[in-house]
Amino acid sequence: MKKFIAICATALLLSPVALRAETDTAELQLKLDQMTKELSEISKRLDVTEKHTATDRIQFTGDLRVKADTLHYKDVTWNPG
């Protein structure tokens, strides 16, 4: 999301149409500051929503199973056949 904001801000700064339309740099800077502020607020809200959506799909669960077997042979002979 931060990359998107950076790309939008760069596009606004480098766009020749926007620069030709606004001759007053102070007014252009004010609009850019307002748009950057709005984008950061939207980004914060979307980050929370996207995080909530992503974590809804992932659930970490588990259980612990313990099993112990022992065999004790005394005086046993092995018969292979």
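The following paragraphs examine the structure supplied in this document. All of these numbers come straight from a predicted model, not from anything done at the bench.

The rules behind these values
- Each chain has its residues counted from 1, following the order in which its sequence is written.
- Local features in this predicted model are restricted to residues of pLDDT 70 or higher, and side-chain atom pairs are both shown and tallied only at a pLDDT of 80 or more, whereas totals for entire chains, interfaces and linings draw on every residue.
- Side-chain numbers here rest on the full set of heavy atoms in the structure, without hydrogens or water.
- A run of H or I in DSSP becomes a helix once it reaches four residues, and a run of E becomes a strand once it reaches two; helices and strands are each numbered from the N terminus.
- Partly exposed residues are those whose accessible area sits between 20% and 50% of the maximum for their type, while under 20% is buried and over 50% is exposed, using a 1.4 Å probe and protein chains only.
- Computed by Shrake-Rupley with a 1.4 Å probe, the accessible areas treat only the displayed protein chains as cover when residues are assessed.
- When checking whether two residues touch, look at their non-hydrogen atoms; a contact exists if any pair is within 4.5 Å.
- Inter-axis angles, ranging from 0 to 180 degrees, are taken between N-to-C directions of lines fitted to C-alpha atoms, where helices are fitted over the stretch in contact.
- Angular relationships are summarised with four words: roughly parallel below 35 degrees, roughly antiparallel beyond 145, roughly perpendicular across 65 to 115, and oblique for the angles in between.
- Put simply, a crossing is left-handed when the front helix is turned counterclockwise from the back one by less than a right angle, and right-handed when it is turned clockwise.
- Polar here means any residue other than Ala, Val, Leu, Ile, Met, Phe, Trp, Tyr, Cys and Pro, which are nonpolar, and Asp, Glu, Lys and Arg, which are charged; Gly is therefore polar.
- Only residues whose relative accessible area exceeds 30% and that form no salt bridge are eligible for patches; like-charged ones are grouped when within 9 Å, while nonpolar side chains (Val, Leu, Ile, Met, Phe, Trp, Tyr) are grouped when within 5 Å.
- We define a salt bridge as a side-chain nitrogen of Lys or Arg found within 4 Å of a carboxyl oxygen belonging to Asp or Glu.

Looking now at the overall build of the chain. Looking only at helices and strands, the chain features 3 helices and 0 strands. Along its sequence from the N terminus, the chain presents helices and strands in the succession α-α-α. Burial status across the chain gives 4% buried among its 81 residues. Of the roughly 8,200 Å² that the chain leaves accessible, carbon and sulfur atoms contribute 59%.

Moving on, we come to the side chain of Ser43. Within the secondary structure layout, Ser43 lies in helix 3 (residues 25-57). Other than its neighbours up to four places away in sequence, Ser43 contacts Met1 and Ile5.

As a packed pair, helix 1 (residues 2-14) and helix 3 sit with axes 11 Å apart at the nearest point and diverge in direction by 165°. Considered as vectors, helix 1 and helix 3 are oriented roughly antiparallel to each other. Crossing of helix 1 over helix 3 shows right-handed handedness. For the pair helix 1 and helix 3, contact is made by Ile5, Cys8, Leu12 and Leu13 and by Leu32, Met35, Leu39 and Ser43, respectively. When grouped by side-chain class, the residues that make up the contact of helix 1 with helix 3 number 7 nonpolar, 1 polar and no charged.

Below, the discussion takes up a nonpolar patch on the surface. Residues Met1, Phe4, Ile42 and Leu46 make up a contiguous nonpolar surface patch of roughly 330 Å² in combined accessible area. Along the polypeptide, Leu46 turns up in helix 3.

Opposite charge on two side chains permits pairing when their charged atoms draw close. Within this structure, the stated rule accounts for 2 salt bridges. Between Asp63 and Arg65 there is a salt bridge, with its nearest N and O atoms 3.0 Å apart. We classify Asp63 as exposed; its relative accessible area is 58%. Lys67 is paired through a salt bridge with Asp69; the nearest N and O atoms lie 4.0 Å apart. Residues Lys67 and Asp69 agree in their burial class; the two are exposed.

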